[in-house]
Every structure is written in structure tokens, then in C-alpha cells.
Amino acid sequence: MGNSVFSVPVYFILFRETTEAAVIVSVLLSFLSQVLADDHRMRKRLSRQVWAGTALGLIISIIIGATFIVVWNKYGKNLWANSEGIWVGVFSLVAVVMITVMGLAMLRTTQIQEKWKVKLSKAMDEEADRGLGNSSRRYALFILPLITVLREGLEAIVFIGGVTFTTESKSIPLAVVLGMISGFIVGYIIYRGGNKMNLHRFFTASTCLLLLLAAGLVARAVAAFESYVWGKLTNAQSDDGGTYDPRYNVWALTCCDPKNNDLGGWQLFNALFGWSNIGSIGSVVCYIGYWLIVIGVLVFMKLKRRRIARANALLAVHESSNNSSGDKQSLELEDEKKIPVGETIQGDVVREDHPVELKHL
Amino acid sequence: MLVAPVKALAFLLGLSAAAHAAVVTYNWNITYVNTNPDGLMDRRVIGINGQFPPPAINVTLNDTLVINVVNQISEPTTLHAHGLFQTGNNQMDGPSMVTQCPIPPGSNFTYTIPIQQYGTYWIHGHNKGHYVDGLRAPFIIHNPAEVYHYDEEYTLGFADWYHDEHAVLLDEYLSIFNPSGAEPVPKSALINQMLNTQYSFEPGKVYRLRIINMSALAMFHIHIDGHDMDIIEVDGVDVTRTSVKTFPISAAQRYSVLVTARNTTSNNFLIHGDMDPEMFDTVPDTLQMNITGTIIYDATSPLAPTELIDWGEFDDAALLTPVIPMATSPADDQISLTASFQVMDDYINKATFNDITYVAPKVPTLYTAVSMGNLSSDPQVYGTYSHPWVLKHNSWVEIIINNNDAGNHPFHLHGHVFQVVGRGEGVYDGSTPYTYFNTTNPLRRDTVLVRSLQNVAIRFQANNPGVWFLHCHIEWHLQAGLATTIVEAPEAMAGILTVDQTHFDHCKALGLPSSGNAAGNQGLDLTGQNVGPNLLPGKFTTKGIVALFFTVLSAVVGLGTVVWYAQDEELVLGKEDRR
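What you are looking at is a predicted structure, and each value in this text was computed from that prediction instead of being measured.

This brings us to the UniProt feature "transmembrane region" (unreviewed entry) in chain A. All names here are of chain A. Taking the UniProt record as the reference, the feature "transmembrane region" (unreviewed entry) is found at residues 20-38, 50-73, 85-107, 139-160, 172-191, 203-225 and 278-300. The straight-line gap between the two end C-alpha atoms of residues 20-38 is 29 Å; of that span, 84% is helix and 0% is strand. Annotated as 87% helix and 13% strand, the span residues 278-300 places its first and last C-alpha atoms 34 Å apart.

See below:
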């Protein structure tokens, strides 16, 4: 998948997770500079807590991550005898799912900041409500980034594990480093209030690339399965390459072979788009099927969002006319979903509750 | 039917100086026999007169051989006397659909062959793979005035042996599930289609061992514990006595060696035939790659231990020189044949000469040649897939055979011995002059091994009007189409060859035409000829283009949907920025 030196999916995984972690930290620091504008000493102390928590979370993530990946690549792979085409196929499909999820999630990267502002303010409110002891509050700003970074890190590790089963280990480190660097940069840009429109376009393009990769991986996984079955049928001693089941073949070109090392371009085509000079019915149908599923999911998600947005709009109109009453009301929609006022809707359009402290962030 | 024996009689009466010139008759009913030659598996084989192995044929120079064949198996069959020139007698050569229609089951056919040469030959079935099922035997022609002196002689016919019938194995070999063209691996090896052969040696005597390889596939390395061998004959050609410790022999080749018996009877010794693993796609652990015969000096003596031997390199043309010299001539015609294997558009791995795989015509090529009059010199009448080459009478012909395959192939030309005039690396493309051997007396033989990715140059004079098959003698490869047809001097055939009515009767009995072009038609109209598979196009076909179109379309629509989905965000962001 991708190069043998640079794994594209791993890059994007680290990129996204680092971006999210960077945004979280930046939100915390902004919060501090906002609230403790006058108390420098307190601000400095708490800022250090934030950085300390972030750094510790990062170190632990990297240690766990590196260990897991080394062990996984060395021993986990052998458990499934990964030279068998059938296991290559299975784990490629696992990678497809992960990359697709990652790609679709990436479309909402620009909302990360809003999401975390809201979460943070909620967390603050909850603490105020619960009236926790001093100790936990004192170290809240150490624990929160620690846990957040750890969580993002472990998420990344799981994704990497799933995605790198069929790749070479040496393609991972460079992608990790570059992904993290890119993530820091973008997180910083978001913190500085960069042009969200460009960022959004960038992430949209990234998602397109990731989905193309995933679709190509589907084709390659199916081809791996078919090659395994054909090898069994023909008692092949080794990976014959170049022979295929003629009953299910749609094209067989003498040119353009991605396994031919002399023509690097076709190797790239294979890595990016799943291209092969031997096309089977199975790989073509599954490739098209993948895109149909993605289209279906996107259409479904968008229509759902529109419905909810419409509901919110109605709610806003309703609310403005009821502003003085301050009652919590709910609105019933056609599909019986209750959307109480004051709650955020899962992951979609965010309703702001106008928390006072964070208004100017 | 009477013409052949009458002709033979006239021929005999014409000879005055011959020591003895007899008519030697064999009555051969070709029958099935059930037996277990290698002690590992009972199976049905093809034998003669209910006996297996078939008996050897022994005749002397200037005899006339008559074989009365009755076909009592369930498939049409023929017999080919391998290495016999059949001068003026091409219709008795035997390859099915080349010089005759095969003999239908229940019918009979008489092969009448004037013996005008001497040496070690063999006779075998030449339709389908009958010889692999056992229809093969040594064919020894004695010379009353042998060049070399020896006291006694033995014949050792080495062969590989299978447990399944050839037709069964052929189905597996020529199948879409065998795209790599892996040949079936034999189950064992035999000498004279038996085990435990013994040869009695007396001290002080000199023995001639006539060694034949009658295999479908295997190459044997021959060596004798405790004895050297002096090669004296190659494919019926006497050569200068050359001492070797071991030599390889490929399918269909023959060598005679002189072995001098030891002075004592204190030990018995083994004659080894070791199969070369290079010829087999895989070598199972259970396969016994060696067959031995025992030289018995004294029945009570112990067996001497087996010697380790290094097979080394063996170049027959470089090592051996014919006793009777024959200078070579520059060629009037040069034919270039490049042998290779690939999956064809019937999805079966087939063999090709110059990208054409051999498919037998509807009419035996010889019958076409004798029935087409002036058109017999036009190669078109013989059909595309019989891959014909028309040679002019008495012209010198050079054939360069390029082996563009990973395997070694023994190529055999019927009706001739040819001179081996050069060997080279790779495919000879004619861009540089060919480097021939520097000799005035090149080796002559009828079956030459061309190793993988090498070429060989052979020369002969087209002085034997007839249709002569040129093919790889690995039976699997012949079935896969590694063959071509030499139509030699068709203009002279009518005056020399007599094709009698039994030939045409057999075609009729099989529902095949017996005259006309390769399609059985007149003139150059070849509609209906037997066609073979062709090379795969290797390009996009219509269904490929359609499939690719929809693949790309789905990706484009998918990406478009992603952009469409992300658009709302932009609107939201736009609103936020303005706030």
C-alpha cells in the first residue's frame, strides 16, 4: 500500500490524530490565556500543567505504539502466515474499513475546535456543579490533555495496526513523523484562526485521496483472494504471477504490469488505484460496489443532516419567539426523535449554548 | 496390397553383392495387456500379441522388413520406425495424419520397409501417446561388416514409466488448470520396460551395449560402475571410438558403446540410468530417479558399490566424429524455427514454432502432396496449422532451431540424419553472421538436444522426396503442438512414391478425406481446415473497455459525492467566518 518507504494511510492517520490533539491543547491554552489574563503566575503554572500532560501523553503513546507495532509486525503477522493470499485479502479489507472511516471522519476536521470548546465548557460546568475537591481541580488541566492525547494516540495505534498488516514495516516511521509534523502545523493554524475555508478544502481533498486508496485496496484484496484460489486449482508451486483464471477474466494486457519493476508508473497506479494488467470480474464488481456503498453512506448522512438542520432551524425560530419564557422545550419530529433544547446533536450541526466564558475564543 | 511385397521381391532379386538379403516378417497384433512392469502399479498397457514388453525387431542390412499390423486396441494407431530413412518409401514412415490416416481399430496394415542402413533404432506408436503406454521396442539393424569388433551385444532401452494411461495424463496436461505447462512427472524408470535386467559378462571379452532412450520425457545419465564406455555409434551413425565415464541420452536418441569386460569375476557391477531432475517440473520424494541393470560376471559374486559420478558437460557435436566423413555444403535455403510455450487464446498452455502451434490437417499431408498436382509446391495447400515448409529436390537446407523456452528439448527430423553444424546462445536473429563449428566432418544424427535458451544449426540435403515430420520428441510437447512439417521435393513424389489403396481405405473408414488440400477441398480453398488456437491478443477487448469505463465512472461519481457532501460545511463555515 503506497510506497515501501512511505505509507500514505499511516501518514493520514497520524496527521488527523495529531491535528485533533493539537487543537485540544490549543483550546486549553486559549482558555487559560482568556480566563487568567490577569494572573500571570497562575496562568504560567497551569500552562505548564497543560504542556506536561500533553508531553507525557505523547511519550506514553509513542512507547506503546512503537512496541505494539514492532510486536504486531514481527509476531502477529506470522500467526496468520501472511504469505497466504487469503489472509492478505482479509486484512486488506480490514484496512479498507479503517481508511474509509478515517476518510469520512476527516471531513469534519474543521469542526474539531468547536466541538472541543463545547466539551471543555461542559466539563467546566459539570465540575462547578459537582463541586469537586481542590486536588482534582488543581490537576484537571494536567489530566485532561494527558487523557486526551493518550486516547488519540491509542486510536492511532489501532488504526495503524489494522492498516499496516499488509505493508512493510519500514514504510511506517517516515509516515508517522511526517504525519505528526503536518498535524502540529495544521493544529497551530487552526489555533491561530487560519482560513477555515482553505483548510476544509484541504481535508476534502485528503478524504478523496484516502477513499481512492481504499477503493484500490478493495480491488487488490479481491485479486489476492482470487489468486489464492487459482493457485490452489493449478497446484502452483509459488506465486506464479501472470496466470489467472480465464473463466472470470475481463482484461489481460501484456503491457502495464504493476509487478514489472522496470515500469515504475504502473506500480504507482497499483498502489493508488488498485490497477492491474489482469482484471477480473470480481475485482471490478467489488471496486464499483465499494464506491456505491460510499455514495450511499454519504447521501444518507447528508440527508439526515439536512433533516436535522431543518429541525434546528424551526427550533431556532420557535425559540426566538419564546425567548422570554426560558422553558426547556422539545420538539417532536416526523421520525419521533426528541431533540431537547440545550443539548448538542451527535457530531452534526452544533448548537451553541452561548457559554459566557468562551464566547470570544 | 500386392504391390509392396512384389516390389520387395524385385528389390531382393536385383541385389547380387549382398551377403544375405532376406524378407523378415513380423506379425504384430497390437493388443492391450494388463501388467505391472515397475512392481508399483497394475495397469493396462499396449503390447504385441498379448505380450508385454513388445519384442525387439532384429534385421540385417539389405533385408526387407515386413510388419503385418492388426490393430486390436480401441483407438486408431500407427507405427513409426524411428531413424529409418524410408528412401522412396515415405508412405511407410508412420506419423498419423502426416504420412497416413491411422489404422482404424480392427483393421490391418502392412509396413514394408527396405533396410538400407544399419545401427540402433527403435519402433514406436505414432498416434496420440500410444508409445508412452508401452507400444515401443528396440529396432536393431545388424551390419554384416561392422566397423568395430566386439564379441557380443546387448540392447538396453531406457524409458520413464507412468501409472496412468497417457490419455488421462494428457487431459490434465492440456488443461486450463495447467497454465504453466507442467509436464506429468513419471512414476519410475525401466530398462527394456522391465526391472532387474541382467547382462552376462565374461572376462576378456568386448561387449557392445546398444543404448536407446524410449522415454516420453526423461533424460538419462548413463554410467557403469567399474567400467568405462567407448561411444562408437550415434543414432545409427558410426563414430570414432571415444571413451567417456558417463553421457546423457535424451528421449529418442541412441548410442552404442563398447565395454571391455574386467579380468576377474570377483564382483558384479551395476549399469546406471539416472534421470535428470531438470526435465521434471517437480521431483516428489517418493520418485526413484535411478534404474539399474546388473552385469553378472559370476552369479555368486557380490555387487560392487555404486560410484559417485559427476555428470559434467557433454557436447555431442564437439566430442564425436563420424567414421564415414561427409563434408557439409553451404545451404541453398535457411529455415529459422523458434520454439516457445505460452497460454493461447483457448487458455491452454501450448507449444509453438514461430508462434504457430501444430494442428493436424483433415487430410494427411502426404496425400495432399500426391493429389494436388502442380499445386503441391505451394505451401498454402497444406494448411496453416500444419506449418509446412516446401523444399526443392536436392537442395541443401539449413534449419536453425532456437529454443526460447526454459526447458531442454530433443528435436527429431524424420527421413534423414542431419549434420549438426553449429550451436549458439539465445535466439539467432540473423543480424550477425552465424558462428558454425570449424570442422569438415560434422556430427550426424536424427535427434538433437537443444538446451534451454540456446540454438542449434542443422543441415541436410533434400534428396528424399516425402513429407517428413520435424518435432520435439518429448511426447507431451508434440501433443502441445511443437511440430512442423517438411514437404520435401513434392514435384518428385509422384514418380517415386506409391501410396496403395489400404491407405485411402483407412481414411474412409475413419470418415476422413484422403485427397485434396488440408481442408479436403480442391485448389487453394481452405475453408473448413482444422484451425488451432492463436496467441492471446494482450490488449483490451470490448468487455475490458466496458469494465474499465464503469470502474472509472464509479470512482468519479464517488469522489463527486464526497465533494457534494462537504459542500454544506463550506456554507456553514462561510456563515461562521462572517459572524
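Here we come to the packing of aromatic side chains. Under the criterion given, the structure shown has 33 aromatic pairs over all chains. Summarising the aromatic geometry, the rings of B:Y154 and B:Y199 are spaced 5.3 Å apart at their centres and angled 65° between planes, so their arrangement reads as edge-to-face. Linking B:Y154 in strand β9 (residues 152-161) with B:Y199 in strand β11 (residues 198-200), this pair joins segments that are 45 residues apart in sequence. This pair shows no difference in class: B:Y154 is buried, exactly as B:Y199 is. Pairwise contacts between aromatic rings join A:W251, A:W266, A:F269, A:F273, A:W275 and B:F540 into one cluster.

Our next topic: the pairing of β9(B). All names here are of chain B. Counting buried positions along β9 yields seven of ten residues, so the element is predominantly enclosed. Bridge count between β9 and strand β12 (residues 206-213): seven bridges; the pairing is parallel. Bridging from a neighbouring strand, Y154 pairs with L209 of β12. Where β9 and strand β10 (residues 188-191) come together, four bridges link them in antiparallel fashion. Bridge pairing in β10 links F158 to I191.

Applying the stated rule across the entire model yields 21 salt bridges over all chains. Linking A:E152 and A:R151 is a salt bridge whose minimum nitrogen-to-oxygen distance equals 2.7 Å. Taking relative accessible area as the criterion, A:E152 reaches 2% and is therefore assigned buried. Residue class for A:R151 comes out partly exposed when judged on its relative accessible area of 37%. B:D315 is the partner of B:R423 in a salt bridge, and the nearest nitrogen-oxygen pair spans 3.0 Å. Taken as a pair, B:R423 in strand β25 (residues 418-425) and B:D315 in the loop between β19 (290-296) and α3 (316-319) lie far apart in primary sequence, 108 residues in all. Assessed through its relative accessible area of 30%, B:D315 is described here as partly exposed. What emerges from the salt-bridge pattern is a single network uniting B:D235, B:R254, B:D315, B:D316, B:R423, B:R445 and B:D446.

Moving on, we get to a nonpolar patch on the surface. A cluster of nonpolar residues, A:V5, A:L174, A:V177, A:L178, A:I181, A:I185 and A:I189, forms a patch on the protein surface that exposes about 550 Å² of accessible area. Its place among the elements puts A:I189 in helix α7 (residues 172-191).

Okay, the UniProt feature "domain: Plastocyanin-like" (unreviewed entry) in chain B next. Residues and elements named next belong to chain B. Mapped onto this numbering, the UniProt entry gives "domain: Plastocyanin-like" (unreviewed entry) at residues 30-145, 152-278 and 358-491. Segment residues 30-145 splits into 0% helix and 42% strand. End C-alpha atoms: 34 Å apart. With 10% helix and 39% strand, the stretch residues 358-491 has end C-alpha atoms that lie 24 Å from each other.

Let us now look at the sheet that holds strand β27 (residues 447-450) of chain B. Residue and element names in this part refer to chain B. The sheet built from five strands is open, its strands ordered β22-β30-β29-β24-β27 with mixed pairing. Every other strand in the sheet has two partners, leaving β22 (388-391) and β27 as the edge strands with one partner each. On average, each strand axis in the sheet is inclined to that of its neighbour by 20°, with strand direction left out of account. Sheet topology places β22 next to strand β30 (residues 483-488); four bridges connect them, and they run parallel. Looking across to β30, one finds that L391 is bridged to E488.

All names here are of chain B. Among the residues of helix α7 (residues 501-509), T502, H503, H506 and C507 are the ones counted as buried. Buried residues in α7, looked at end-on, bunch into an arc of 145°, giving them a common side. More than 90 degrees from the buried face of α7, the exposed residues found are K508 and A509. A positive backbone phi angle near 75° is found at G511, which sits one or two residues after α7.

With 41 residues of chain A at the interface, the matching set in chain B holds 35 residues. Together chain A and chain B conceal approximately 3600 Å² of surface at their shared face, both sides included; 69% is due to carbon and sulfur atoms. Counting across the interface, chain A meets chain B through zero salt bridges. If you look at where chain A meets chain B, you find four residue pairs in polar contact (both at pLDDT 80 or more). Listing elements by their share of the side of chain A that touches chain B, those giving two or more residues are α8 (196-233), β1 (249-252) and α10 (281-321) of chain A. Looking at the side of chain A that touches chain B, its residues break down into 22 nonpolar, ten polar and nine charged.

Moving on to the state of the cysteines. A covalent bond bridging the sulfur atoms of two cysteines is what the word disulfide describes. Residues and elements named next belong to chain A. According to the stated counting rule, one finds two disulfides over all chains in the structure shown. Disulfide partner of C255: C256, at an S-S distance of 2.1 Å. For the disulfide bridge between C255 and C256, the dihedral angle about the S-S bond is near -65°, and by the sign convention the bridge is left-handed. For C255, a relative accessible area of 38% corresponds to the partly exposed category.

Once that is clear, we can look at the side chain of B:N213. All names here are of chain B. As for its position among the elements, N213 is in strand β12. A polar contact of 2.9 Å, which involves the side chain of N213, links it to the backbone oxygen of I249. If we skip the residues at most four places from it in the chain, N213 touches W122, F158, A218, M219, F220, I249, S250, A251, A252 and Q253.

With that settled, consider the packing of helix α1 (residues 8-35) of chain A against helix α6 (residues 140-163) of chain A. Residue and element names in this part refer to chain A. α6 packs onto α1 with a crossing angle of 170° between their chain directions and a minimal axis gap of 9 Å. Taken as axis vectors, α1 and α6 run roughly antiparallel relative to one another. Here α1 contributes P9, V10, I13, L14, E17, E20, A21, I24, L28 and L32 to the contact with α6, which in turn contributes L141, L144, P145, T148, V149, R151, E152, E155, A156, F159, I160 and V163. Of the residues in the contact of α1 with α6, the class split is 16 nonpolar, one polar and five charged.

With that settled, the discussion passes to the nonpolar core. Residues B:I231, B:F247 and B:I399 are the most contacted members of the largest nonpolar core, which totals 86 residues. The residues touching B:F247, leaving out its near neighbours within four places in the chain, are B:I211, B:F220, B:H221, B:I222, B:M229, B:I231, B:Y255, B:V257 and B:F314.

Quick look at the UniProt feature "transmembrane region" (unreviewed entry) in chain B now. Within this numbering scheme, the UniProt entry marks residues 545-566 of chain B as carrying the feature "transmembrane region" (unreviewed entry). From the first C-alpha to the last, residues 545-566 of chain B spans 32 Å; its make-up is 100% helix and 0% strand.

Let us look at the sheet that holds strand β13 (residues 220-224) of chain B. All names here are of chain B. Pairing in this open sheet of five strands is mixed, and the strands run β11-β19-β18-β13-β16 from one edge to the other. Bordering the open sheet on either side are β11 and β16 (246-249), each of which pairs with just one other strand. Going across the sheet, the axis of each strand differs from the next one's by a mean of 20°, ignoring polarity. Two strands pair when backbone bridges link them, and β11 and β19 are joined in this way by three bridges, in the parallel orientation. Looking across to β19, one finds that Y199 is bridged to I295.

So, about the side chain of B:D225. Residues and elements named next belong to chain B. Turning to its location among the elements, D225 is positioned in the loop between β13 and β14 (229-234). No salt bridge is formed by the buried D225. Its closest oppositely charged neighbour is R262, at 9.4 Å. Separated by 3.0 Å, the side chain of D225 and the backbone nitrogen of E307 make a polar contact. Beyond its immediate stretch of four places on either side in the chain, D225 contacts F269, L270, H272, A304, P305, T306 and E307.

Parameters and conventions
- Residues numbered from 1 in each chain as written.
- Chains lettered and ligands numbered in written order.
- Predicted model: local features only at pLDDT ≥ 70, side-chain atom pairs only at ≥ 80, totals over all residues.
- Heavy atoms only, no water.
- UniProt positions renumbered as here; feature names shortened; annotations may be inferred.
- Helix = DSSP H or I, 4+ residues; strand = E, 2+ residues; numbered from the N terminus.
- Phe/Tyr/Trp six-rings, centres within 6.5 Å; stacked < 30°, edge-to-face > 60°.
- Buried < 20%, exposed > 50% of the residue type's maximum accessible area, 1.4 Å probe, protein only.
- Pairing = 2+ DSSP bridges.
- Salt bridge = Lys/Arg side-chain N within 4 Å of Asp/Glu carboxyl O.
- Patch = residues over 30% accessible without salt bridge, like charges linked within 9 Å, V, L, I, M, F, W, Y side chains within 5 Å.
- Areas by Shrake-Rupley, 256 points an atom, 1.4 Å probe, with all protein chains shown as cover.
- Axes fitted to C-alpha atoms, helices over the stretch in contact; angles between N-to-C directions.
- Arc of directions from axis to C-beta.
- Contact = heavy atoms within 4.5 Å.
- Buried area = accessible area lost by both parts, 1.4 Å probe.
- Polar contact = N/O pair within 3.5 Å; in protein donor to acceptor, adjacent residues only side chain to side chain.
- Nonpolar A, V, L, I, M, F, W, Y, C, P; charged D, E, K, R; others polar.
- Disulfide = S-S within 2.5 Å.
- Parallel < 35°, antiparallel > 145°, perpendicular 65-115°, else oblique.
- Core = buried A, V, L, I, M, F, W, Y, C linked by side-chain atoms within 4.5 Å.
- Lys, Arg positive; Asp, Glu negative; His and termini not counted.

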